[in-house]
Amino acid sequence: MDCSILAQNISSVSENDSFENFDCGDSDRNTWLRSQALKSQKSDDARTYVCRSPDETVAGFYAIATAAIVRAELRAVPARLRRNAPDPVSCILLAQLGVDLNHQGQGLGRELVIHAMRQVAVVASIAGCRLLLVHPARGRVAGWYGRFGFVDLAVTPGPAMAISVAQVRTLLAAIDTT
């Protein structure tokens with residue numbers, strides 16, 4: 001199925017969502033979705049968004065949460081990410097991202113990240129935040145995030161990558177004009 005059609009059906013997780021058949025190939029992520037997504041939503045610890053296929057099964061998901069990073073941890077990133085930053089630096093963490101194996105390789109992960117970026121831009125306009133932060137699970141995933149403009153923070157424990165909210169807005173503006 002065309003991922004752009006699926007991407008039109010991204011919304012907050014609900015108690016009506018069924019995750020029992022969801023498998024993104026990462027057992028930790030699958031377990032988090034099944035056992036923590038709704039709990040984190042109810043406790044206001046994170047917001048989880050799911051993409052439902054036409055048969056209402058979950059094709060993919062992501063979760064975001066507020067976070068902060070000590071300014072000194074940004075020493076290895078470009079100066080534009082640290083310049084005049086408070087300490088700690090406010091962030092939104094892309095805490096989870098998963099695409100069901102049946103939908104991988106079709107661009108749905110990209111659509112979920114773009115949706116997350118749109119949510120981050122809204123949050124930043126209301127409460128302010130400087131960075132979108134992610135902890136990529138594997139090396140090749142870091143390269144994938146790099147294509148969006150995320151840069152390695154070179155922190156311990158790592159890995160961690162970030163993109164400025166200003167860059168997020170620029171990216172979204174470019175997407176919206178194409």
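Keep in mind that what you see is a predicted model, and the values were worked out from it rather than measured. (Residues numbered from 1 in each chain as written. Predicted model: local features only at pLDDT ≥ 70, side-chain atom pairs only at ≥ 80, totals over all residues. Heavy atoms only, no water.)

Novice: Would you explain the pattern of salt bridges in this entry?
Specialist: Should the charged atoms of two oppositely charged side chains come close, the side chains can pair. Within this structure, the stated rule accounts for six salt bridges. Close ionic contact of R29 with D26 constitutes a salt bridge, the shortest N to O distance being 3.6 Å. Its relative accessible area of 17% is what places D26 among the buried residues. The salt bridge partner of E111 is R110, with a shortest N-O separation of 3.3 Å. The exposure class of E111 is partly exposed, given its relative accessible area of 21%. (Salt bridge = Lys/Arg side-chain N within 4 Å of Asp/Glu carboxyl O. Buried < 20%, exposed > 50% of the residue type's maximum accessible area, 1.4 Å probe, protein only.)

Novice: I tried to follow unusual backbone geometry on my own but got confused; where do I start?
Specialist: Backbone geometry follows two general trends: most residues other than glycine have a negative phi, and most peptide bonds adopt the trans configuration. We note that D44 has phi near 65 degrees; this positive angle belongs to a residue other than glycine. Residue placement: D44 occurs in the loop between helix 3 (37-42) and strand 2 (47-52). Owing to a relative accessible area of 56%, D44 belongs among the exposed residues under this scheme. (Helix = DSSP H or I, 4+ residues; strand = E, 2+ residues; numbered from the N terminus.)

Novice: Explain helix 2 (residues 27-35) to me, please; I cannot follow it from the model alone.
Specialist: One turn of the α-helix equals 3.6 residues, which is why residues spaced by three or four share an orientation. The complete set of buried residues in helix 2 reads R29, N30, W32 and L33. The buried residues of helix 2 occupy an angular sector of 160 degrees when projected down its axis, which confines them to one face. The outward face of helix 2, more than 90 degrees from its buried face, is lined by the exposed residues S27 and D28. Buried residues along helix 2 sit in contact with helix 3, strand 2, strand 3 (58-69) and strand 4 (89-99). With a side-chain oxygen lying 3.0 Å from the backbone nitrogen of D28, the N-terminal cap of helix 2 falls on D26. (Arc of directions from axis to C-beta. Contact = heavy atoms within 4.5 Å. Polar contact = N/O pair within 3.5 Å; in protein donor to acceptor, adjacent residues only side chain to side chain.)

Novice: Even after reading the chapter, I still don't get helix 7 (residues 165-176), so can you show me in this structure?
Specialist: The end-to-end C-alpha separation of helix 7 is 16 Å, in line with the 16 Å expected for twelve residues at 1.5 Å each. Within helix 7, the full set of buried residues consists of V165, V168 and L172. Across the axial projection of helix 7, the buried residues extend over an arc of 50 degrees, all falling on one side. Turned more than 90 degrees from where helix 7 packs its buried face, A166 and T170 sit exposed. Buried residues along helix 7 sit against helix 5 (108-127), strand 5 (131-134) and strand 7 (161-164). (Expected span 1.5 Å × (residues − 1).)

Novice: Please clarify how the environment of V99 should be interpreted in this entry.
Specialist: With respect to the helices and strands, the residue V99 is situated in strand 4. Residues within four places of V99 in sequence aside, it is in contact with F22, D23, C24, A59, G60, Q104, L108, G109 and L112.

The analysis is restricted to geometry; functional conclusions fall outside its scope.
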